[in-house]
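Examining the three-dimensional arrangement
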Amino acid sequence: MRSLVAIPLLLISTHALSQQKSTAIERITTTASRVDVSADPLPLVISSITKAQLDLIAPTHIEQVLKQVAGANVQHGNGQEYLPALRSPVLSGAGACGGILTAEDGIPLRAAGFCNINELFEAHTEMAERVEVLKGPGSALYGSNAVHGVINVITPDTTYDEHLLGVDLGSYGYSRLKLRSGKDLGDQGIGINASVTRDSGYRDDESVDQEKLNLRHRYTSDELSVTTGLSYTHLDQQTAGFIEGFESYKDDEIAQQNFDPNAFRNARSLRLWSKAQWQTAQDTLTITPYVRNQSMTFFKHFLPGTPLEENSQTGVGIQSLWQHVYSNELTINLGLDGEYTRADFLQYQDEPTQGSPFLVATVPQGKHYDYDVTSTLLAPFISLDWQWQQLAISLGARFEQLNYDYNNNMLAGRTKEDGSECAMGGCRYSRPPSGENKFTNTSPKLGLSYQLSADNYLYANLSRGYRAPQAAELYQLQREQQVAELESETADNLEIGLKGQYQQLHYVFSAYAMNKQNVIFRDSDFFTINDGQTQHRGIELELDYQLTQSINLALAASHAVHTYDYDQVLSGVNINGNDIDTAPRNIANLQANWQVSHNTLVAIEWHHVSDYFTDPENLHSYAGHDLINLRAAWQLTEQLKLTARINNLLDAAYAERADYTSFTGDRYFPGRPRNVMFSASYSW
């Protein structure tokens, strides 16, 4: 069955969609166009995890959802922490979060220059309507940060007379209460979507307390619809850090220990938005203003001196899109997006540094950074969509200007808080003087989609993505660096593929080649520079096959090679041509769903991660792993549903994340042993 995907940020002709005639159910998306369109005719790939899939998984972490998307590889850290990958190696570092744009209901979770690598914990994945993943920089609707793609969590429309009360209970003290309720008032409606999670954790002294809330109001008339939403999240987490030692995750006693019992993360987020849409026979105008506020306190247990970080941001923004249908063949899309954000950052250390004499001398007690940044972003975009017989052509471009006004609230330079100098060559942390930075980027897009038959398409996409340097990369400098002279990272992407429906099989095959320039990294002198280049080559396959009337098979598989494409000598090794660390070449997820009876479903899932190098020199590696998960659901009555899950059925010893540093050697976030979860939900 063909499915429709929700794509709020890609601009594709609606005429091409209206021409599709098929008995198959379409896959709808809003993430690529800010309106509901069919996914298959689009000249790019959007994967969608449906509500039925989410209900069966009952995810405790976003990683359990995204492993069903070919090309995605999210590595779960501890609690709600993670490192993401989408057609990329696993991203890490101060600004690496800028490689993937994350959103809820089409609104980016963070402002363009102030992303956080763990920011998806601020989206209500646990009770989402669906999760959509746009792969690659293929849409003119997205600018900075959408280099490797977009992850968009879509919350349900709760403004109708539907209600749900549910509870999840699992191993290691896991519990979650879920509530969804709405009231239809005719041309208006109101609703609530909420969850409360408590998890005492598998490892010592770890825990997660989390609350999430969505409120929604709907108003509709003949030509106008207005949807208003509020999202609030709170996370209080006691964090367990890495364990050290080669393959230490195989030792049950070590794997369960927490060597950073004081580590924690406390974060809050609030977003308020209102989407107004006017529609006539030929024109659709959509305007979405929003307000966003976040704050977080974070114990940086992985740094010498274990400093505390406090950061916050408050901002307003607007998204707009005007779509005009000139004829049955031609559609124009115009828009202007803008944001204004004020962000604050403070890092300080209460106690003297412990460790070697060098660390004690160079990592001082007291404040390390204290600054605020005001940013403004303006981004006009245009897309022309032309349908010529079986060929659909989409040509678009986005121009974006991002300005930073940085104010340093401490003494500039490489000193202690009081201005005195550190011994042994100087202090670790360096603060640039107050100043301004401006980044402008243009991203052209060309997409072609050729209709081979009623339900099958050949597509090609040529596009450029970019990300401006993040504030952390510009203003959190180290050692002798006084100013970071950085440019925007850019990525040129070419992909081709086939997708569609053939009898009982829905398929998406894609091949891509991406070259990234001006890659930002920290060199051996601890300078933040962007002289790096990388290459990314991959093929992906997603299949959904109705084998029999009662058995369904689903496959998401990828083979990718991510390599360094510049000279840098580390530990005597030139890394040019090496695999980028933490980039497994092969990832596969296979699911078999068996509808045993009209009210009973049994599903088994196999997830494979191949071996990968854990350092740029390619001298150390992780062997990979295979996991089996078993799930079952029983619809006892029309209102009452029970679900059971056994995760890691074979009790494999594995690492959620493997890493290597010259200071610690091999280190890991161990995966949980076999664990279970039972759920009950009552809907009416």
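Residues numbered from 1 in each chain as written. Predicted model: local features only at pLDDT ≥ 70, side-chain atom pairs only at ≥ 80, totals over all residues. Heavy atoms only, no water.

**Structural notes on the state of the cysteines**
Threshold: Disulfide assignment relies on a single distance test, namely cysteine sulfur atoms paired within 2.5 Å. What counts as a helix is a DSSP run of H or I of at least four residues, what counts as a strand is a run of E of at least two, and both are numbered from the N terminus. We call a residue buried when its accessible area falls under 20% of the maximum for its residue type, exposed when it is over 50%, and partly exposed in between, using a 1.4 Å probe and counting protein chains only.
Under the defined criterion, the tally for this structure stands at two disulfides. The side chain of cysteine 97 participates in a disulfide bridge whose partner is cysteine 115; the two sulfur atoms lie 1.9 Å from each other. Because the sign of the S-S torsion sets the handedness, a value of about 70 degrees for the bond joining cysteine 97 and cysteine 115 places this disulfide among the right-handed ones. Of this pair, cysteine 97 sits in the loop between β6 (82–83) and β7 (101–104) while cysteine 115 sits in the loop between β8 (107–108) and β9 (130–135), placing them 18 residues apart in sequence. Residue cysteine 97 shares its accessibility class with cysteine 115, and that shared class is buried. The disulfide partner of cysteine 422 is cysteine 427, and the gap between their sulfur atoms is 1.9 Å. Judged by the sign of its S-S torsion, about 85 degrees, the bond between cysteine 422 and cysteine 427 is right-handed. No difference in accessibility class separates cysteine 422 from cysteine 427, as the two residues are buried.

**Some words on a negative patch on the surface**
Here is the rule: For patch detection, residues must exceed 30% relative accessible area and be free of salt bridges, and they are connected within 9 Å for like charges or within 5 Å for nonpolar side chains (Val, Leu, Ile, Met, Phe, Trp, Tyr). Only the protein chains shown count as cover for residues, and the accessible areas themselves come from Shrake-Rupley with a 1.4 Å probe. For this document, the term salt bridge refers to a Lys or Arg side-chain nitrogen within 4 Å of an Asp or Glu carboxyl oxygen. Here the positive residues are Lys and Arg and the negative ones are Asp and Glu; neither His nor the chain ends is included. Just so you know, the charge point we use is NZ for Lys, CZ for Arg, CG for Asp and CD for Glu.
On the surface, Asp251, Asp252, Glu253 and Asp651 cluster together into a patch of negative charge. Tracing the sequence through the fold places glutamate 253 in helix α4 (residues 252–256). Under the relative-accessibility criterion, glutamate 253 is labelled exposed at 61%.

**Let's talk about the packing of aromatic side chains**
The way to describe two aromatic rings as a pair is by their centre distance and the angle between their planes. Our working rule: Side-chain rings of Phe, Tyr and Trp (the six-membered ring for Trp) are treated as a pair once their centres are within 6.5 Å; stacked means planes under 30 degrees apart, edge-to-face means over 60, and tilted covers the remaining angles.
This model, assessed by the stated rule, comprises 20 aromatic pairs. On the basis of an interplanar angle of 70 degrees and a centroid distance of 5.7 Å, the ring pair of tyrosine 249 and tyrosine 622 is categorised as edge-to-face. Taken together, the residues tyrosine 249 in the loop between β16 (243–244) and α4 and tyrosine 622 in strand β36 (residues 621–622) connect sequence positions 373 residues apart. Residue tyrosine 622 is classed as buried on the basis of its relative accessible area, which comes to 2%. Considering the side-chain rings of tyrosine 404 and tyrosine 475, the 6.3 Å spacing of their centres and the 85 degrees angle between planes classify their relative orientation as edge-to-face. Of the two residues, tyrosine 404 is situated in strand β22 (residues 391–408) and tyrosine 475 in helix α6 (residues 471–475); the sequence distance between them amounts to 71 residues. Residue tyrosine 404 is classed as buried on the basis of its relative accessible area, which comes to 2%. Residue tyrosine 475 is classed as buried on the basis of its relative accessible area, which comes to 3%.

**A short note on the pattern of salt bridges**
A side chain with one charge can pair with a side chain of the opposite charge if their charged atoms come near. A full pass over the atoms with the stated rule returns 35 salt bridges. Linking arginine 216 and aspartate 105 is a salt bridge whose minimum nitrogen-to-oxygen distance equals 3.6 Å. Remark: aspartate 105 occurs in the loop between β7 and β8 and arginine 216 occurs in strand β14 (residues 207–220); sequence separation between them is 111 residues. For aspartate 105, a relative accessible area of 17% translates into the label buried. Residues aspartate 370 and lysine 367 are paired through a salt bridge, measuring 3.0 Å at the closest nitrogen-oxygen approach. Overlapping salt bridges bring together Arg87, Lys135, Glu495, Glu540 and Glu542 as one network.

Purely geometric stuff here, so don't read any function into it on its own.
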